[in-house]
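Summary of the model geometry
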Amino acid sequence: MCLIKPPVKKNTIPIDLKLHNDIQAVERARFAHQVAEKRRLIKQYKMERERQQKLEEQEEIKRLRKELIPKAQLMPYFDRPFVPRRSEKQPTVPREPKFCIPRHKTIRCCRMSCNDMSGLTHPHPSHSGSGGRARPLHRNP
């Protein structure tokens, strides 16, 4: 009896898979590197600008110190003291303050004019119900 051997199969070679995740990770790393490089350049530019500004300020201070010569203050004249003069303006004319409240701003129950403050009568005889005689107002406590 002769047994026949089955044919030998070749070993399978795995295919190199390219996942979308891997591609995205590479692109993200490249982008992060670009952002970091840009930030580094901006920081370097700012530091350079600050250094230039500091140098300019120092140069300006040196120049001002050379140009500006300190001068003594003038001595005040004590032999002719200050004498105030009378004003040439006309004085203001005093006015009495107006304590009257305009009629349209008063409350209905408290409507008294400044002229009728002496008595407790209604300011207008037309509002009195009895033919021209003034009637007393009711005061709320």
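Before going into details, it helps to say that this report is about the structure given with it. (Residues numbered from 1 in each chain as written. Predicted model: local features only at pLDDT ≥ 70, side-chain atom pairs only at ≥ 80, totals over all residues. Heavy atoms only, no water.)

**Looking at the overall build of the protein**
Secondary structure summary: the protein contains one helix and zero strands in total. Burial analysis of the protein (141 residues in total) assigns 2% to the buried set. Per element, the accessible surface of the protein, about 16,100 Å² overall, is 58% carbon and sulfur. (Helix = DSSP H or I, 4+ residues; strand = E, 2+ residues; numbered from the N terminus. Buried < 20%, exposed > 50% of the residue type's maximum accessible area, 1.4 Å probe, protein only. Areas by Shrake-Rupley, 256 points an atom, 1.4 Å probe, with all protein chains shown as cover.)

**Topic: the pattern of salt bridges**
One pass over the full model with this rule turns up four salt bridges. Between E67 and R63 there is a salt bridge, with the nearest N and O atoms lying 2.9 Å from each other. On the criterion of helical spacing, the pair formed by E67 and R63 is a turn pair, its members being four residues apart in helix α1 (residues 20-67). Owing to a relative accessible area of 35%, R63 belongs among the partly exposed residues under this scheme. (Salt bridge = Lys/Arg side-chain N within 4 Å of Asp/Glu carboxyl O.)

**What to know about a nonpolar patch on the surface**
A surface patch of nonpolar side chains, about 360 Å² in accessible area, is lined by I15, L17 and L19. Assignment of secondary structure puts L19 in the segment before α1. (Patch = residues over 30% accessible without salt bridge, like charges linked within 9 Å, V, L, I, M, F, W, Y side chains within 5 Å.)

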